[in-house]
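As a plain string of letters, each chain reads:
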Amino acid sequence: MGSRFFLVLFVCIIVSNNGFTKGVSGFAANWGTRSTHPLPPNIVVRLLKDNGFDKVKLFEADPGALKALGKSGIQVMLGIPNEFLASLASSVQASEKWVAQNVSAYVTAGTDIRYVAVGNEPFLKTYKDMFLRSTLPAMQNVQAALVKAGLGRQVKITVPLNADVYQTDTDLPSGGNFRSDIHDLMISIIKFLSNSGSPLTINIYPFLSLQSDPNFPKEYAFFGTTSNPIVDGSITYNNVMEANFDTLITALEKNGFSSMPVIIGEMGWPTDGDPSANIELARRFNQGLIDRIIKGQGTPKRSTLPDIYIFALIDEDAKSIQPGNFERHWGIFNFDGSIKYSLNLGKGRSLVPAKGVKYLAKQWCVMAPQASLSDPNLRQGVEYACTYADCTSLGYGSSCAALDARSNASYAFNMYYQTMDQRKDACLFNNLSVITTVDPSPTGNGTCRFEIMMDLGKHELSASRRSSAAAGFRDHVFLAVLLVLLVSIFVD
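Residues numbered from 1 in each chain as written. Predicted model: local features only at pLDDT ≥ 70, side-chain atom pairs only at ≥ 80, totals over all residues. Heavy atoms only, no water.

**What about unusual backbone geometry?**
- Cis rather than trans, the peptide bond between F311 and A312 has omega equal to 5°.
- Note that A312 resides in the loop between β13 (308-310) and β14 (344-346).
- Even without a glycine there, the phi angle at N228 is positive, about 55°.
- On the secondary structure map, N228 appears in the loop between α8 (206-212) and β10 (230-232). (Helix = DSSP H or I, 4+ residues; strand = E, 2+ residues; numbered from the N terminus.)

Here you go:
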């Protein structure tokens, strides 16, 4: 009996040391991967768990992310980009192949995929009806493929929609209804989701309400204020999030779907790239949002708070900036998982930065001291650098907008140099630049940073070594357990 007790204790120690029982507290986030130097997936998963996120939304079926999420205890909403909608809508076989490769394979390996998000805001007016005909057929085919794969109950279909799919003619939530040009399509989609036991997903952006309308009352974009309220009958709305969400609920009620489950797929605040995008406002908004999540505080029409996926976890320096320069700066963490600003996560917890991040050498590419601002090649060099690297922090109202002309050129040169992994030929610029080991980030401005990129080569080598070490550890564990079993049998 003593040897058997020792064996059980030994195995329990092994399991507990591997962290299989670590709990999370229920936050959800969007994890985008459009980056020139993506944070390694295993580090991102640890970042999620360390900060209490137990749900994550991916915008595409990234193999590294899906593999790293396996057996992590994190629930996954897996996105399908809009460019796949036409092929999935036109072919059941294409949908079955997509589900087999991107859902079944990872579910079998232990990734907890709960939703497949078909498309991403496909009815935006800027798309000019491009996806109107393909979205619902794609949803139907993917749903059929999930059922055929035996995943119909475990994995549900949804479609993340922008809040512009509904509107109000009275400027009050009680006047809410779906946009007239897509009303019938929306009813068909909601009916399909309802029949399959799936939720509707809506993205709500108070930041965009403020950013796009110079007359929008600033305080109404944030939580915890009572200025600029909207009175709708017996209900008073003190922030745009509640009013926006209840406009949707009214639209659902008017069309016979009062109990339709809803997920808020994206909500957050950027930190750069626009005068209204900065550290102070992002902290204020996201802290208010997290406080509501912790309290479970819903809205006047739905007292139970829906799942809200914070947008976003980390910055993406290769994301499209067509909507605005702020698109690359939504993360509550920087591109490398470092903390942008403090947040109170409840129970005395605060944000925890990413661990195990490896960087390139501490050197920067800047404008050479002897170079002249009147050099005809300077403008061309800056434009070239900003074509292939992220210079959005230099824009009007952004964190580095106050740099003088020389520092402005240095910032552009350095971003290109870092994006190109500090290659020697990436700091030439017609002899206008030089490599320095002195950090050129301006003093007195903590938000304007001259970056040093992550060393992806070191991460790949480290991952390979960890894999080998893990294999060796497992071998030693197996031999140790086998030895204990043999001793146990011998003693008996």
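**With respect to the state of the cysteines**
- Enumeration over the complete set of coordinates arrives at 3 disulfides.
- Disulfide partner of C365: C427, at an S-S distance of 2.0 Å. Across the S-S bond of C365 and C427 the torsion is about 85°, and the bridge reads as right-handed. You can see C365 sitting in strand β16 (residues 364-367) and its partner C427 sitting in the loop between α12 (405-419) and β17 (433-436), a full 62 residues away along the chain.
- On the accessibility criterion, C365 (0% relative accessible area) is buried.
- According to the relative accessible area criterion, C427 is buried, its value standing at 7%. (Disulfide = S-S within 2.5 Å. Buried < 20%, exposed > 50% of the residue type's maximum accessible area, 1.4 Å probe, protein only.)

**Focus: empty space enclosed by the protein**
- The tally for this structure, following the rule as stated, stands at 1 cavity of 30 Å³ or more.
- Considering only enclosed or pocket space, the largest cavity measures out at about 60 Å³ in volume.
- What lines the largest cavity is simply W31, G32, T33, S35, H37, P38, L39, I314, D315, E316 and F335.
- Its residues assigned to classes, the lining of the largest cavity comprises 5 nonpolar, 4 polar and 2 charged. (1 Å grid on protein atoms, 1.4 Å probe; cavity = no way out; pocket = protein on both sides within 12 Å on 5 of 7 lines; lining within 4 Å. Points joined across faces, edges and corners; volume = space filled by probe spheres on them. Nonpolar A, V, L, I, M, F, W, Y, C, P; charged D, E, K, R; others polar.)

**Details of the packing of helix α11 (residues 376-388) against α12**
- Interaxial distance between α11 and α12 falls to 8 Å at its minimum, and their mutual angle equals 45°. For the element pair α11 / α12, the angle class is oblique. Crossing of α11 against α12: the hand is left-handed. Contacts from L378, G381, V382, Y384, A385, C386 and Y388 in α11 reach A409, A412, F413, Y416 and T419 in α12.
- Classifying every residue of the contact of α11 with α12 by side-chain character gives 10 nonpolar, 2 polar and no charged. (Axes fitted to C-alpha atoms, helices over the stretch in contact; angles between N-to-C directions. Parallel < 35°, antiparallel > 145°, perpendicular 65-115°, else oblique. Left-handed = near helix turned anticlockwise from the far one by under 90°. Contact = heavy atoms within 4.5 Å.)

**Notes on helix α9 (residues 240-254)**
- Here α9 is 15 residues long and its end C-alpha atoms lie 21 Å apart, about the 21 Å a rise of 1.5 Å per residue gives.
- With 13 of its 15 residues buried, α9 lies for the most part within the structure.
- Where α9 begins, the capping side chain belongs to N239, and its oxygen is found 3.2 Å from the backbone nitrogen of M241.
- Among the residues trailing α9, G256 stands out with phi positive, at a value near 90°. (Expected span 1.5 Å × (residues − 1). Polar contact = N/O pair within 3.5 Å; in protein donor to acceptor, adjacent residues only side chain to side chain.)

**Quick word on the sheet that holds strand β9 (residues 200-203)**
- The 9 strands lie next to each other as β5-β4-β3-β2-β1-β13-β12-β9-β6, forming an open sheet whose pairing is parallel. The sheet terminates laterally at β5 (156-158) and β6 (160-162), the two strands that pair on one side only. Between one strand axis and the next, the sheet turns by 30° as a mean value, whatever way the strands run.
- One ladder, built from 2 bridges, connects strand β1 (residues 27-31) with β13; its direction is parallel. Bridge assignment links A28 to a residue of β13, and that residue is Y309.
- Here α9 sits on the sheet and contacts β9, β12 (262-267) and β13; the angle it forms with β12, its principal contact strand, is near 145°. (Pairing = 2+ DSSP bridges.)

**So, the confidence of the model for the protein chain**
- Looking at the protein chain, pLDDT values average 91 and 88% of them are 70 or higher.
- Low confidence marks residues 1-25, where pLDDT is under 50. Its contacts with residues over four positions away, or in another chain, come to 21 contacts.
- Note that residues 464-481 has pLDDT below 50 and, in this model, 7 contacts with residues that lie over four places away or in other chains. (pLDDT = per-residue confidence, 0-100.)

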